Structures are given as structure tokens and as C-alpha cells.
Amino acid sequence: MSGFPWGMSNACAMLYSASRFDPSAAASAPRMSNDENRSSGTGGPSTSVITKVKPKTKRPNLYRVLILNDDYTPMEFVVHVLEKFFQKDAEAATKIMLHVHHHGIGECGVFTYEIAETKVTQVMDFARKHQHPLQCVMEKK
């Protein structure tokens, strides 16, 4: 046996032996060639500066969620959709609905891809459930 307690696995034995520090062995350990140049001359420990490099995070792409005009969906339903799924108050929802009515298209909000995709799906499912042909799409901003 190698002098380790009974039942200790090889990995545990390696950790056990590695965790036992012998200062006399460190003094005789080989040094790199310019380790002598780094010391302050007093034999004390040398100091060095470690800088952390913070990775730059890229902002996610944004997508506009748009409602398209049609001749069959009631204006009140569009206002209800804007209030329910886009947290618009009655005044803002009515303003967007009128913009859609007059211009054929209107922006409901700007979101990251996953959120925009979810909003479009929710609006389309809600419109189908209530038997309205309302179209909602998303486009990259």
C-alpha cells in the first residue's frame, strides 16, 4: 500500500498528497530563469498586478411588433389587444389603433427577438380565438 488510509480512491489519495505542503521542498524547487530579476533584492515576495479583462457584451437586436389594418377586425378589439398584450392605457391604445386604421400599419412596441415573437404569437392566437383576421408581425429595427 502507499501509506494512505484504507478505502481511499486514487483521486482522493492524489488530492491528499497534493494538499500537504512542505515549505522545505518549495525552497529547493527549481525557479524560472528571470525569477531572480523580479524580486526586490531583499529575498521577499515579489508583487505583480493582475488586471481583469471585462468582456464586452453585445446588445441584443431589437424587433418592432406591428399590427396590420384589415376591414373586418373591430376597432374596439384592436384597442383591447393593445391594452392586454402591450400594457397600453386606453388613450395610447386608441392612438395606435387610429394610426393603424389610417396608415395601414402601426407599431405596438419594440422588444428583443424572443419577447417580440411571443407577443406576435399571443396576439395572433387571441385574434383567431375571437374569430378576427387581425395580423400581427415583427420586423428587425
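All figures in this text were calculated on a predicted structure; none of them were measured in a lab.

As a further point, take the side chain of Thr73. Looking at the element boundaries, Thr73 is found in the loop between strand E1 (62–68) and helix H4 (75–86). With residues near it in sequence (within four places) discarded, Thr73 still touches Val78, His132, Pro133 and Leu134.

What follows is about the sheet that holds E1. Overall, antiparallel pairing links the 3 strands, which are arranged E2-E1-E3 in an open sheet. Whereas interior strands pair on both sides, the edge strands pair on one side only; in this sheet they are strand E2 (105–112) and strand E3 (135–140). Ignoring which end each strand starts from, the neighbouring axes of this sheet average 25° apart. Strand direction decides the pairing type here: E1 and E2, joined by 7 bridges, are antiparallel. Pairing of Leu62 across the sheet is with Thr112, part of E2.

Tallied over the full model, the rule gives 2 salt bridges. The closest approach of N and O atoms between Arg64 and Glu139, which form a salt bridge, is 2.6 Å. Placement of Arg64 in strand E1 and of Glu139 in strand E3 is noted, with a sequence separation of 75 residues between them. Where salt bridges share partners, they join Arg64, Glu107 and Glu139 into one cluster.

Time to look at the state of the cysteines. Under the criterion given, the structure shown has 0 disulfides. The thiol sulfur of Cys108 is not disulfide-bonded, and the nearest other cysteine sulfur, from Cys136, lies at 5.3 Å. The class for Cys136 is buried, based on a relative accessible area of 3%.

By size, the foremost hydrophobic cluster in this structure holds 24 residues, and its most contacted members are Val65, Ile67, Val81, Leu82, Phe86 and Leu134. Broken down by secondary-structure element, the contributors of at least two residues to this core are E1, H4, helix H5 (90–103), E2 and helix H6 (113–129). Not counting chain neighbours up to four residues away, the residues in contact with Leu134 comprise Ile67, Leu68, Asp70, Thr73, Phe77, Val78, Val81, Val123, Met124, Ala127 and Arg128.

Parameters and conventions
Residues numbered from 1 in each chain as written. Predicted model: local features only at pLDDT ≥ 70, side-chain atom pairs only at ≥ 80, totals over all residues. Heavy atoms only, no water. Helix = DSSP H or I, 4+ residues; strand = E, 2+ residues; numbered from the N terminus. Contact = heavy atoms within 4.5 Å. Pairing = 2+ DSSP bridges. Axes fitted to C-alpha atoms, helices over the stretch in contact; angles between N-to-C directions. Salt bridge = Lys/Arg side-chain N within 4 Å of Asp/Glu carboxyl O. Disulfide = S-S within 2.5 Å. Buried < 20%, exposed > 50% of the residue type's maximum accessible area, 1.4 Å probe, protein only. Core = buried A, V, L, I, M, F, W, Y, C linked by side-chain atoms within 4.5 Å.

In short, shape yes, function no, at least from these values alone.
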